[in-house]
Amino acid sequence: MPFRHPDRTHDLRTRIDYEVRERLEEAIDFVCLEALVNARKAGGLPAPAADSDADRAEYAGHVLGFLRLLDADLAAGVDPPRRPGAPAEPDEQARLLGAQVERAKSLPDYWQRFELMRARYLAEPAPASGGERRSVLARLFGRG
């Protein structure tokens, strides 16, 4: 896969970070779009529309929910290493995504574990109301 970031002046480490982040964003996008479509089908609702603010908000909820699930499963009590001088991420989603990028680079079985979490996330029943999915802790401990 070619390096697609427009600024090619970075060192190899930065370019690898961009590539891993891009790959991870694409994988999360597929998981969350599939979850959204599945939830719509299960509820007898129409397919999501790109110009719908409500659909985009529901999709964003799936992204955050899946990132939280990944974070809870892959953290294993250890925070991912942060590069010295790297700024703190401004919001939860960016922080969780950054942690996944670091884990993807450091855990040898990251993508296998990602696939297990993807299957688990998609196997969960969609909420009937179209509201919030069960909390991460409820999913982890089998409650809710």
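Described in the following lines is the structure provided in the data block. (Residues numbered from 1 in each chain as written. Predicted model: local features only at pLDDT ≥ 70, side-chain atom pairs only at ≥ 80, totals over all residues. Heavy atoms only, no water.)

**Comments concerning the environment of Leu-70**
Right, so step 1: Within the secondary structure, Leu-70 is located in helix H2 (residues 53–75).
Right, so step 2: Classification of Leu-70 as buried rests on a relative accessible area of 0%.
Right, so step 3: C-alpha separation for the pair Leu-70 and Tyr-121, spaced 51 residues apart in sequence, amounts to 9.6 Å.
Right, so step 4: Look past the residues within four positions of Leu-70 in its chain and what remains in contact with it is Ala-75, Gln-100, Tyr-110, Phe-114 and Met-117. (Helix = DSSP H or I, 4+ residues; strand = E, 2+ residues; numbered from the N terminus. Buried < 20%, exposed > 50% of the residue type's maximum accessible area, 1.4 Å probe, protein only. Contact = heavy atoms within 4.5 Å.)

**Re the nonpolar core**
Right, so step 1: Leu-24, Ile-28, Phe-66, Leu-70, Tyr-110, Phe-114 and Tyr-121 are the most contacted members of the largest nonpolar core, which has 22 residues in total.
Right, so step 2: Where this core is concerned, the elements lending two or more residues are helix H1 (12–42), H2, helix H3 (92–106) and helix H4 (110–123).
Right, so step 3: Ranked by residue count, the leading element in this core is H1, at seven residues. (Core = buried A, V, L, I, M, F, W, Y, C linked by side-chain atoms within 4.5 Å.)

**Description of the packing of aromatic side chains**
Right, so step 1: According to the stated counting rule, one finds five aromatic pairs in the structure shown.
Right, so step 2: Between Phe-66 and Tyr-121, the ring centres sit 5.3 Å apart and the planes meet at 65°, which makes this aromatic pair edge-to-face. Of this pair, Phe-66 sits in helix H2 while Tyr-121 is found in helix H4, placing the two residues 55 residues apart along the sequence.
Right, so step 3: Classification of Phe-66 by relative accessible area gives buried; the value is 0%. (Phe/Tyr/Trp six-rings, centres within 6.5 Å; stacked < 30°, edge-to-face > 60°.)

**Remarks on the side chain of His-62**
Right, so step 1: Within the fold, His-62 resides in helix H2.
Right, so step 2: Within the structure, the side chain of His-62 is placed 2.8 Å from the side chain of Tyr-121, a separation counted as a polar contact. (Polar contact = N/O pair within 3.5 Å; in protein donor to acceptor, adjacent residues only side chain to side chain.)

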